[in-house]
Amino acid sequence: MPIVSRAAACAQLLRHFTETLRTWPAGTALALRHPDLPKAVLHGGVTMGLALDFDEEGPDDASAVFTIRYWVIGATPENSDRYFDLLVAAWQADGRPTRVEQAHPRAGYAETTDGYRLSASRSLNGYLSVAGSTPPFRLRGPHGPHSPNGSGGTGGSGLLPPRIEL
């Protein structure tokens, strides 16, 4: 079933992030701000229109995807490989198609059965972050930008919380 609104897509992405937290030790959180990296603040996500849905007149029943990245609070440069390995093992145990790049910095990618894309990567200084992207959703229509759950526009302020924890 296709996702019809950005709000619905982001709600499911939040569930995937919450599920991700369950693979790590208690007390782990996801956050846009990392206490050890005060200058490395991540943005609140972005909605990107899909070019195939646009014609010369503009969007015609256009679709978009939403993407956001979080720092993994609790994973340090000393233990981020362990956190990375736990996450990749959980993806594989769930039967998700998974790809891992062992080069420095390490990166891993998985897709959920409902079409969400997840990734984990280590920064050059060893900190871990995770990202998620939704499958396409409609920008216009009954759940579009003028509906109460407003799925149109760009940016991501308020779509997902700045911090996710169990």
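Presented here is an overview of the structure given in this document. In this text, all values refer to a predicted model and were calculated from it rather than measured experimentally. (Residues numbered from 1 in each chain as written. Predicted model: local features only at pLDDT ≥ 70, side-chain atom pairs only at ≥ 80, totals over all residues. Heavy atoms only, no water.)

Most of strand β8 (residues 117-122) is tucked away, with 5 of its 6 residues classed as buried. Across 5 bridges, the pairing between strand β7 (residues 107-111) and β8 is antiparallel. Note on β8: the bridge partner recorded for A110 is L118. In this structure, the hairpin formed by β7 and β8 is closed by a connection of 5 residues, where G115 is found at a positive phi of approximately 90°. Two elements, β8 and strand β9 (residues 128-133), share 6 bridges in a ladder whose sense is antiparallel. Residue S119 lies in a different strand from β9, and its bridge partner there is A131. (Buried < 20%, exposed > 50% of the residue type's maximum accessible area, 1.4 Å probe, protein only. Helix = DSSP H or I, 4+ residues; strand = E, 2+ residues; numbered from the N terminus. Pairing = 2+ DSSP bridges.)

Right, let's talk about the side chain of R122 for a bit. As for its position among the elements, R122 is in strand β8. A relative accessible area of 13% places R122 in the buried class. Among the polar contacts made by the side chain of R122, one reaches the side chain of D81 at a distance of 3.3 Å. Excluding residues that lie within four positions of it along the chain, R122 makes contacts with P77, S80, D81, P105, R106, Y127 and L128. (Polar contact = N/O pair within 3.5 Å; in protein donor to acceptor, adjacent residues only side chain to side chain. Contact = heavy atoms within 4.5 Å.)

The subject of this paragraph is the packing of aromatic side chains. Tallying each qualifying case throughout the model produces 2 aromatic pairs. Here the aromatic rings of F17 and Y70 are separated by 5.2 Å at their centres, their planes lie at 85°, and the arrangement is edge-to-face. Taken together, the residues F17 in helix α1 (residues 6-21) and Y70 in strand β5 (residues 63-73) connect sequence positions 53 residues apart. Note on W24 and Y83: the rings are 5.8 Å apart at their centroids and 40° apart in plane angle, and the pair reads as tilted. Linking W24 in the loop between α1 and β1 (29-31) with Y83 in helix α2 (residues 80-93), this pair joins segments that are 59 residues apart in sequence. Its relative accessible area of 6% is what places W24 among the buried residues. In this structure Y83 comes out as buried when scored by relative accessible area, which is 5%. (Phe/Tyr/Trp six-rings, centres within 6.5 Å; stacked < 30°, edge-to-face > 60°.)

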